[in-house]
Amino acid sequence: MPRVPLYSPDDVYSRLKNLQFRDETNKYLPYNDEVWRRAVKLLPGITIHLTASEWKKLNLKTKTFKDNREYEVFEPGWTDKIYSYVWHHFKLSCPFSFQTPKISRGSDIFLSINGACDECKNEIHLYSLEDASDDGIDFHVSTCDTKHIKHVKKRQLRGNTRKEVINELNGKSTYMWRRQKADEKMEFGDDEPADLPKESVLRNAKYTKNRKDLGLESFSHHILAVENLKTNPKYSEALHEIAFNKMYVMYWLPEQISLYKLFMQKDPIKEIKIDATGSLIQCLSANDNSKRVILYYQVIATYQKSSLPLLQLVSEKHDANTLSYWLREWLRCGINAPKQVVTDFSLALLNAATLAFNNMPLSQYIDECYKSVVDGTLIEKTTILRIDVAHLCKFVSMWPCFNKNNRH
């Protein structure tokens, strides 16, 4: 890969013309002669200066190997710090892989670090002639300018750097974290640095950390992993029932039961809402390659403009019998049925609610409501079913009389 010389031939001549590199016999002076050091100072190369605090972060220490050999090495994660310094000074997006540094005290070169980019084959060489002082250390750098070359690969996110990133991601989205780091590292027009992980890598790191915090182990099947959780005292009171085929998981916390009891005491309407969604959980694959649709059901209550989650169900079964059994199991925790239930037009949910809370099928409940309206009698100790307004408006808008072709 061609690169532009740092100095032109005329610059080299004008800077070095007054130096004498040969002795009386016309032989070159030895490499340790002072004239060569003066020449280096007159032709300074590209350097990176690390402050004393930045140098200490590399944590140079002596390590004894099994054969009693002793070497000076950096602590794990030093390559990430070196790349960070290189990026800060040169804005090169090459995902450099660095070799083990060579440290030789008492020689002409104190420290030498070589690296290479697997993508564009660019090489980088950093070396320091002297040990670090109180002011820090200077690295001479030799590499090619690859700013015009697009790089796709990234440096691996691992070790201490991975742990630091995971801690920073706590309570923050991967998109926002990545955007914030890009603002810190980059200026307008810069290439993307190789130590800015892809969002998929960040999500995987966050997912792995969450699994570890929750005590989740690797299993051949998702349901087996949940079943293993039920044996953990931390989750045994939350997971109430698990089925394998067809799959469902009923769960709610003791705190949610206490929350519902308090809600029933404070709220005059005593209304809960039941809804389901299939957008949160990935479908499972059956043996015949068909999809096993998993829905997430939740019951919530609204109190003083706040939503209170009360109980949950993840289920592959979406019939009224399963849903009513779920709600009846919830009632067995020593709570009273709500006064009102709001759902969408799902017949399974409507049937399940009236079976669990009114001990009658939906058809009988409708008949009771009709008699109440016609005869003017009151329905005692009955949970009233209501349809959500948004779903009702959408349903009515689909009537033929509201079709644009039938408008008069």
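As named in an unreviewed UniProt entry, the protein chain is Transposase, taken from Pieris macdunnoughi.

The next subject is the state of the cysteines. A covalent bond bridging the sulfur atoms of two cysteines is what the word disulfide describes. Counting across every chain of the model gives 0 disulfides. For Cys 117, which is in no disulfide, the shortest distance to another cysteine sulfur is to Cys 120 and amounts to 3.6 Å. Its relative accessible area of 2% is what places Cys 117 among the buried residues. Not engaged in a disulfide, the cysteine Cys 393 finds its nearest cysteine sulfur in Cys 401; these two sulfurs lie 14 Å apart.

Let us look at the pairing of strand S10 (residues 247–251). For S10, the tally of buried residues reaches 4 of 5 residues, placing the bulk of the element in the interior. Between strand S9 (residues 239–244) and S10, which pair antiparallel and follow one another directly, the connecting turn spans 2 residues. As defined by bridge partners, S10 adjoins strand S15 (residues 306–315) across 4 bridges and the pair is classed as antiparallel. Across the sheet, residue Tyr 251 finds its bridge partner in S15, namely Gln 312.

The α-helix winds at 3.6 residues per turn, so residues separated by three or four positions along the chain end up facing the same way. The end-to-end C-alpha distance of helix H11 (residues 347–358), which contains 12 residues, comes to 16 Å, matching closely the 16 Å that a straight helix rising 1.5 Å per residue would cover. The element H11 is largely enclosed, with a buried count of 10 among its 12 residues. Buried within H11 we find Ala 348, Leu 349, Leu 350, Ala 352, Ala 353, Thr 354, Leu 355, Ala 356, Phe 357 and Asn 358. Buried positions along H11 lie against strand S11 (271–277), strand S14 (295–303), helix H10 (320–331), strand S16 (340–343), helix H12 (362–375) and strand S17 (384–387). Looking one or two residues beyond H11, the residue adopting positive phi is Asn 359, at roughly 55°.

Turning next to unusual backbone geometry. Residue Lys 246 is reached from Asn 245 by a cis peptide bond, and omega for that bond is 0°. In this structure, Lys 246 sits in the loop between S9 and S10. In this model, Lys 121 sits at a positive phi of 65°, which is unusual for a non-glycine residue. Note that Lys 121 resides in the loop between strand S6 (111–117) and strand S7 (123–128). The exposure class of Lys 121 is exposed, given its relative accessible area of 61%. Unlike most non-glycine residues, Asn 359 shows phi in positive territory, near 55°. Within the element layout of this structure, Asn 359 appears in the loop between H11 and H12.

Three or more residues of helix H8 (residues 222–230) are buried, namely Ile 223, Ala 225 and Leu 229. For H8, the buried positions fall inside an angular range of 160° around the axis, keeping them on one side. Check the buried side of H8 and you find it contacts helix H7 (199–214), S9 and S10.

Here we come to the nonpolar core. Membership of the largest hydrophobic core comes to 36 residues, with the highest contact counts inside it found for Ile 272, Leu 310, Trp 326, Trp 330 and Phe 357. Of the residues forming this core, the biggest block, 7 residues, is contributed by H11. Filtering out sequence-adjacent residues up to four positions away, Leu 310 remains in contact with Trp 252, Gln 256, Tyr 260, Ile 272, Val 299, Ile 300, Ala 301 and Trp 330. By size, the runner-up hydrophobic cluster in this structure holds 28 residues, among which are Leu 58, Leu 111, Leu 126 and Ala 194.

Cut-off values and rules
Residues numbered from 1 in each chain as written. Predicted model: local features only at pLDDT ≥ 70, side-chain atom pairs only at ≥ 80, totals over all residues. Heavy atoms only, no water. Disulfide = S-S within 2.5 Å. Buried < 20%, exposed > 50% of the residue type's maximum accessible area, 1.4 Å probe, protein only. Helix = DSSP H or I, 4+ residues; strand = E, 2+ residues; numbered from the N terminus. Pairing = 2+ DSSP bridges. Expected span 1.5 Å × (residues − 1). Contact = heavy atoms within 4.5 Å. Arc of directions from axis to C-beta. Core = buried A, V, L, I, M, F, W, Y, C linked by side-chain atoms within 4.5 Å.

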